[in-house]
Amino acid sequence: MRQSVRAAAAISVLALLAAGCGTKSAAGGGGSSSPSPKSGASAFTACMVTDTGGIDDRSFNASSWQGVQQAEGNGITGKYLQSTSPSDYTPNINQFLGQKCGIIVTVGFLMGDATQTAAKGHPSQKFAIVDFTYPKPLKNVDALLFNTVQDGFLGGYLAAGMSKTHKVATFGGQKLPTVTIYMDGFWDGVQYYNAKHHTNVKVLGWNEKTQNGNFTGDFTNQSKGQQLTQTFISEGADIVFPVAGNVGLGAAKAVQQADQSGQNVNMLWVDTDGCVSAPQYCKYFISSVTKGIQTAVKTAVTAAHNGSFKGGNYVGTLTNGGVGLAPFHDFASKVPASLKAELNQVKTGIENGSIKTATKSPV
Amino acid sequence: MKLELRGITKRFGSLVANDHIDLTVAPGQIHALLGENGAGKTTLMNVLYGLTRPDEGEILLDGQAREFRSPADAIGAGIGMVHQHFMLVPVFTVTENVTLGVERTRWPGLLDRRRARREVRELSQRYGLNVNPDAYVENLPVGVQQRVEIIKALLREANVLILDEPTAVLTPGETEDLFRIMRELKAGGRSIIFISHKLREVQAIADTITVIRRGSVVGQRPPTATGSELASLMVGRPVELRVHKEPARPGAVVLDADGLTVPDDQGNPAVKDLSLQVHAGEIVGIAGVQGNGQTELCEALVGLRPVGAGRLRLDGDDISRQTTRQRLAGGMGYIPEDRTEDGLVGDFPVADNIILDVYHRAPYARGIALDLGQVDSTAVSRVSEFDIRTTSVQAPTSTLSGGNQQKVILAREIGRDLRVLVASQPTRGLDVGSIEFVHRRIVEQRDQGVAVLIISSELDEIYALADRIAVMYEGRITGIRPPTVPVAELGLLMTGADGGPAGEPAGTEAPAGTEAQQLYVPQPAEQEAPPAPPGDGHD
Amino acid sequence: MTEQGGVGGSAPRASTDPGGTEPGRPPFGKVIIQAIIQGNSVVVTVAAFAAAIVIGGLLIAFTDPVVLHAWSQFTAAPGNAFAQAWDSAAGAYAAMFEGAIINPHTVASALQYNSISAAFQTGSVSAIFDPLSETAVNATPLIFAGLSVALAFRAGLFNIGGTSQFIGGALLATWLGFGVPLPLVLHAIVVLIGAFAGGAAIGWVVGALKAWTGAHEVIVTIMLNYVMIYLLSWLLGTSAMQRPGRADLITPFIDGNAQLPHLAGPSLRINASFLIALAAAAGVWWLLQRSTIGFEFRSVGANPRAARTAGMSVTGSWVLVMTIAGGLAGLAASAVVQGTDHTLTFQSYGTYGIDAITVALLGRARPLGTVLAALLFGALHAGGVAMQGLTQTPVDIVTVIQALIVMFIAAPPLVRAMFRLRGARAAGPEQALAKGWNG
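Just so we're clear, the structure is a prediction, and the values are computed from it rather than from any experiment. Going along each chain's sequence as written, the residues are numbered from 1 onward. Here the convention is simple: chains get letters from A, ligands get numbers from 1, in the order in which they are written. Confidence filtering applies because this is a predicted model: local features only for residues at pLDDT of at least 70, side-chain atom pairs given and counted only at 80 or more, and all residues used for totals across whole chains, interfaces and linings. Note: side-chain values were computed over all heavy atoms of the structure, leaving out hydrogens and water.

## Structural notes on helix α17 (residues 367-391) of chain C
Residue and element names in this part refer to chain C.
Phase 1: Secondary structure is summarised from DSSP: a helix means a run of H or I of at least four residues, a strand means a run of E of at least two, and numbering begins at the N terminus for each. A helix is expected to span 1.5 Å for every residue after the first. Its 25 residues give α17 an end-to-end C-alpha distance of 35 Å, which sits within 8% of 36 Å, the value for a rise of 1.5 Å per residue.
Phase 2: Burial classes: relative accessible area under 20% of the type maximum marks a residue as buried, over 50% as exposed, and values in between as partly exposed (1.4 Å probe, protein chains only). α17 sits mainly inside the fold: 22 of its 25 residues count as buried.
Phase 3: Within two residues after α17, Q392 carries a phi angle of roughly 60 degrees, on the positive side.

See the structure below:
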């Protein structure tokens, strides 16, 4: 038995060897270490490491990759490596460190440690990290964070103003700071609306004060989002704000079903403009509470390419356009002009600091 | 209808299961096929019944060559088979069962139950089968279920009926009934192929006896042939058919069951208020039809099944609450009924099975470390002591023949110093040579002062070994008799009757003294397949 | 094998096979797994690997847009179409080889230095060994978790609960790692023991529930996986476990003292955990083959009824084997927490628990086989990173190849048919007996 397994292993190594040798003769030519036809010798490569969500998560990995792709051209090419578990972060970054990347973009706060270690070990390598910030800014890392409590606040105000039932709901994928910061803002926005209009719009699914609420447990299981949203609807909520990536599609399905059965239920999308990323449900999206990952990543990549890279922490806000509400699309005519005007006032208030947006999540 | 098999050969790999077998069954004849397990009887019948295609040879019906690609072909040609394991649906009635597949219908496709029931009743009456067409099969005794199978074959107009080890599951009384039915069928012009390894039955019912050994026909004899002659043909050498044993010299009570009640898996009592004592130096045999609580009794004795009520004592100590390991350590040896399921780990080497219940003790273990050298040397010596035929002590036990597997268990259990040996069906499925060996060893234990309890549904074995015979019926001991008791009386006890002293001989001769009664040949473990190529056991 | 009742049964079918020595009818699932573990020859394993590599290569080639474009021009330039497909697959596998075993370019660049010391100082030498180091690092948790599954399987239990046991070990180990200051060496050992104990506790729960209530271990382990995943998320959010200053679910770094030392300098990630894993494999082998406990485990696994009849405590074996198996899965967490990551996040459990099943099956539930299978998977994973990094072939292809290997091994008749091998089972009883897989 033992001999057999050993033989199996030996032969598998041979197979790999054969594959390796095969390339030499087949790929032939320059003997470049990279057989990829895309990478030229002098090209600037933007290398991105996704977290475990992968490139198609319709969330920050996807947005970051879109940012890299938008930066492509003019001598910039992009490539990515997908992490399948947190243990992949370091080897994936190491892999790119060995490839002379112009900039290494890491996506997600979970890669904070690995990125920091790599950045300190390779001071001449430029990095950007999405959704994270360092207490002591690093010179060779663009740390890109988004103060989504601000547009979450606008979303909450909008939802409170649009709700007929005086009940709105939100839920998250997992209880993570990048998730709860939206929910904090949403909750605050509703409370601000209540204070201003002497109404009593209730928020289901989250409480900023207690930091307790509803989470589906992951960012992939749509049926859980659908289930939770149905619960909220049956409890009287008529606007739902899922902060859960792909799980939000489940929420949209529940909203669609409610709409088809005659209920008037709508929702807010998160991260990206829902009418672009999930157009099939556009007619239910009052607006989307977005963060400008794409733009920020694109800016970081371009800056690294043209020499204007500074490093340090960047915080996306309403003021610098890093966060904000998406266009109303189908609801452009349904949102009252007065509410639109109020939203503008609130926005100005947040920008000049006269309206405080509280959050326990780091900004 | 005259049935002829000519030159039937069937190989499985390099094993020749049937080697140019010729067999002719005349109309209205009961033709017995006698042979040990693995001799090739079942394979031959499977060829005849279309379950297996022969590699060579042909089947002729009334002189016409026929080819059976499936049982359906065979049935169509008028051949019926009653398997050892019945193919009945328990929750259907007799009529439903026998018409399954040949449903009697009337326009427009409805089941014609009345006609079906009438046909069953007619067949039942004509051959004295005595079966109620409307009874549910699950409520019928095994003997009646077998008759249902016969009706099934008759309804399909079988002219040749194959009965595969039909008496294996029957009580002596039921066997008598079956023989009566077979004679009726014969009188009705049907041929019967009767497969068996029981000499006495074959002699009692057959018109012609064909003996098969290792896939070949080794002889044909009239039923008047002596048992010794038939047995020698079967085995291929002169056979010692008697167990030589001195009269028992019983000592003190060793194993004492006192008012034992044991629940089965469903919690119903399978052993009911059973009291039995086994003395040092005697063999007590428990006779009875299977399924009357023997299995549960064994398991309770060894500690595999909790005792519901009553006491179990070993040398006066209450062991009712002891674990199996404690009981084994206390001097109990156990040969389980189902050796491959309960007695051996088939994937393990012979050596490991020889120490399966002592591996944790010195000298095989030091702390938790196994002393493989010790295990090996013990195994080697046991293998030679018990004449276990194996290529090496490291060979997987499942590759051994049934007899050798049983010897492994025997080597393990008898290898320890025993106070009491519980042996359940100790020779089931074994060849004659192995049976001799096992019996000799068991008697040897008795003579060394071990209390021996044998549980067997094989009456021959009980007669051969027991110093006292206890009959078990529905969880109770219905009587304890000396080994001179007539079969008829045991048969009555086995059906629960309060058999008084042997009153009427009931057509069955008293066993003592007659040679036929001393013949004991095993009941097969299963109708299927020998556990190993037949050569293994005795070459 | 009982004859009572006499209804039902499948005598005629079985009787056509004179070599059929197998008694009884074990449950179907167990039959399949037994078949995977025992029924395959080396040839089948190798053939399965080769088949998986070929199909993986086709997938690589025909998901590559360059290749697809070349094939759309097939009639114009058929040679080019084949060449492109070959280049694509071969290039991907070459990159995989460079990432998993050795990269010729690192050798070449190390040879440029005219003194050995210079080559060492610049790190060129360690760069040569980086792929092997990565393979070992990737394999380490799989060895532990694979041993966990293999050990449990030898006792007849199917441990799907690697994830929950990993988390149990990880939680205790990490907490001991950052929360309890201890001196060098001792700290690492205490944390290591903690990892084992944490996993063992979860394993014990499974074994105890099975032994005392009869709950099926597959159900229990799957449910416990959920319980532990949510417990992990919750605990990482509490002040006891959460890293100060972080709002996301991550613990503080464990002390330097608690970390396992690198084996070949700081630039290579290979660390002492790999050696511990090899030692664990040797330990499991000893336990199974040379100890009374392992004898019991194997007896219970191979034939629980015979084990019970021989006086062994089947339920006791279940509890003990699950405890040890859980501890081994907990050690997989040590490989991650003490060996590489030095911290714990809500996702650290990765897919080790599931991959471990594959590894153990591929390794035929034998310790050495498990190590080799884990190394193979580690190599595939390490190679997958290089493959995606260099050729942008999706890393998912590695998962596909792993799955294909297992699929082919699980379907020996298919593999035999593909390669026209004559199955041992189809041959006569002599061959079946001569085969002899008693390991």
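That shown, we press on.
## Observations concerning the side chain of B:D352
Phase 1: One can find B:D352 in helix α12 (residues 350-354).
Phase 2: What makes B:D352 buried here is its relative accessible area of 11%.
Phase 3: In contact with B:D352, not counting residues within four places along its chain, are B:V375, C:F295 and C:R298. Note on definitions: a residue-residue contact is assigned when non-hydrogen atoms from the two residues lie within 4.5 Å.

## Some points on the environment of A:T84
Phase 1: With respect to the helices and strands, A:T84 occurs in the loop between β2 (76-81) and α3 (89-97).
Phase 2: On a C-alpha basis, the gap between A:T84 and A:T52 in space is 5.0 Å, while along the polypeptide they are 32 residues apart.
Phase 3: Beyond its immediate sequence surroundings of up to four residues, A:T84 is in contact with A:T52, C:H381 and C:V395.
Phase 4: Polar contact is the term for a pair of N or O atoms within 3.5 Å; when the atoms are in protein, one must be able to donate a hydrogen and the other to accept it, and sequence-neighboring residues count only if both atoms are side-chain atoms. Among the polar contacts made by the side chain of A:T84, one reaches the side chain of A:D88 at a distance of 2.4 Å.

## Description of the nonpolar core
Phase 1: The nonpolar core is taken to be a set of buried Ala, Val, Leu, Ile, Met, Phe, Trp, Tyr and Cys residues, with the residues joined through side-chain atoms within 4.5 Å. Counting 229 residues, the largest nonpolar core has A:I103, A:L158, A:V301, C:L151 and C:I405 as its most contacted members.
Phase 2: Once residues lying within four places of it in the same chain are set aside, the contact partners of C:I405 are C:A48, C:F49, C:A52, C:L362, C:L376 and C:L380.

## Description of the pattern of salt bridges
Residues and elements named next belong to chain B.
Phase 1: By definition here, a salt bridge exists when the distance from a side-chain nitrogen of Lys or Arg to a carboxyl oxygen of Asp or Glu is within 4 Å. Across all of its chains, the model carries 47 salt bridges over all chains by this definition.
Phase 2: In this structure, E282 and R468 form a salt bridge, with 2.7 Å as the shortest nitrogen-oxygen distance. Within this pair, whereas E282 is found in the loop between β14 (269-279) and β15 (283-287), its partner R468 is found in strand β23 (residues 468-473), the two being separated by 186 residues in sequence.
Phase 3: Judged by relative accessible area, R468 falls into the partly exposed class, the value being 24%.

## Remarks on the packing of aromatic side chains
Phase 1: Any Phe, Tyr or Trp ring, taking Trp's six-membered ring, that has another such ring centre within 6.5 Å forms a pair; planes under 30 degrees apart are called stacked, those over 60 apart edge-to-face, and the others tilted. Under the definition given, this model contains 22 aromatic pairs over all chains.
Phase 2: With 6.1 Å between their ring centres and 70 degrees between their planes, C:F153 and C:F158 make a pair best called edge-to-face. The pair C:F153 / C:F158 is uniform in exposure class, with both members buried.
Phase 3: Clustering of aromatic rings is evident, with ring pairs tying together A:F153, A:Y157, A:Y192 and A:Y193.
Phase 4: To sit over a ring, a charge needs its Lys NZ or Arg CZ within 6 Å of the ring centre and within 35 degrees of the ring normal. A cation sits over an aromatic face here: B:K407 above B:F437, 4.8 Å from the ring centre.
Phase 5: The ring of C:F253 is capped by C:R243, whose NZ or CZ atom sits 4.3 Å from the centre of that ring.

## Focus on helix α6 (residues 172-187) of chain B
Residues and elements named next belong to chain B.
Phase 1: Look at α6: 23 Å from first C-alpha to last across 16 residues, which is about the 22 Å you get at 1.5 Å a residue.
Phase 2: Turning to α6, the residues buried within the fold contact β3 (30-35), α5 (142-155), β9 (160-164), β10 (191-196) and α7 (199-205).
Phase 3: Where α6 ends, the next residue or the one after it, G189, has phi of about 90 degrees, a positive value.

## Side note on the state of the cysteines
Residue and element names in this part refer to chain A.
Phase 1: Any pair of cysteine sulfurs within 2.5 Å is marked as a disulfide. In total, this model carries two disulfides over all chains according to the counting rule given.
Phase 2: A sulfur-sulfur separation of 2.0 Å characterises the disulfide bridge that pairs C47 with C101. Handedness here is read from the sign of the S-S torsion; for C47 and C101, about -85 degrees, the answer is left-handed. One end of the pair, C47, is in strand β1 (residues 44-49); the other, C101, is in the loop between α3 and β3 (103-107), with 54 residues separating them in the sequence.
Phase 3: Take C101: its relative accessible area is 7%, and that puts it in the buried class.
Phase 4: Residue pairing for C275: its cysteine sulfur links by disulfide to C282, the two sulfurs lying 2.0 Å apart. With the S-S bond torsion at 85 degrees, the cross-link from C275 to C282 turns out right-handed. For the pair shown, C275 and C282 are each scored as buried.
Phase 5: Here the bonded cysteines of chain A are numbered in sequence order, and their pairing is 1-2, 3-4.

## What to know about the pairing of strand β18 (residues 332-335) of chain B
Residues and elements named next belong to chain B.
Phase 1: Judged by which residues are buried, β18 turns out to be covered on both faces: M332 and Y334 on one side and G333 and I335 on the other are all buried.
Phase 2: Only strands joined by at least two bridges in the DSSP assignment are considered to pair. Across four bridges, the pairing between β18 and strand β21 (residues 420-424) is parallel. Within the sheet, the bridge partner assigned to G333 lies in β21 and is L421.

## Concerning the domain arrangement of chain A
All names here are of chain A.
Phase 1: Start and end positions for the domains come from either an automated domain assignment or a database one. Here chain A is described as being made up of domain 1 (44-146) and domain 2 (148-291 + 333-352).
Phase 2: Measuring from the centre of the C-alpha atoms in domain 1 to the corresponding centre in domain 2 gives 30 Å.
Phase 3: Each side of the interface is counted separately: domain 1 has eight residues, and domain 2 has 10 residues.
Phase 4: Summed over both partners, the accessible surface that disappears when two parts come together, traced with a 1.4 Å probe, is what is meant by buried area. Buried area between domain 1 and domain 2, both sides added, is near 840 Å², and the carbon and sulfur share of it is 54%.
Phase 5: Among the residues of domain 1 in contact with domain 2, R58, F109 and F146 are the three that bury the most area, contributing 65% of the side total.
Phase 6: Summed over the shared surface of domain 1 and domain 2, the number is two residue pairs in polar contact (both at pLDDT 80 or more).
Phase 7: Classifying every residue of the side of domain 1 that touches domain 2 gives two nonpolar, two polar and four charged. Polar here means any residue other than Ala, Val, Leu, Ile, Met, Phe, Trp, Tyr, Cys and Pro, which are nonpolar, and Asp, Glu, Lys and Arg, which are charged; Gly is therefore polar.

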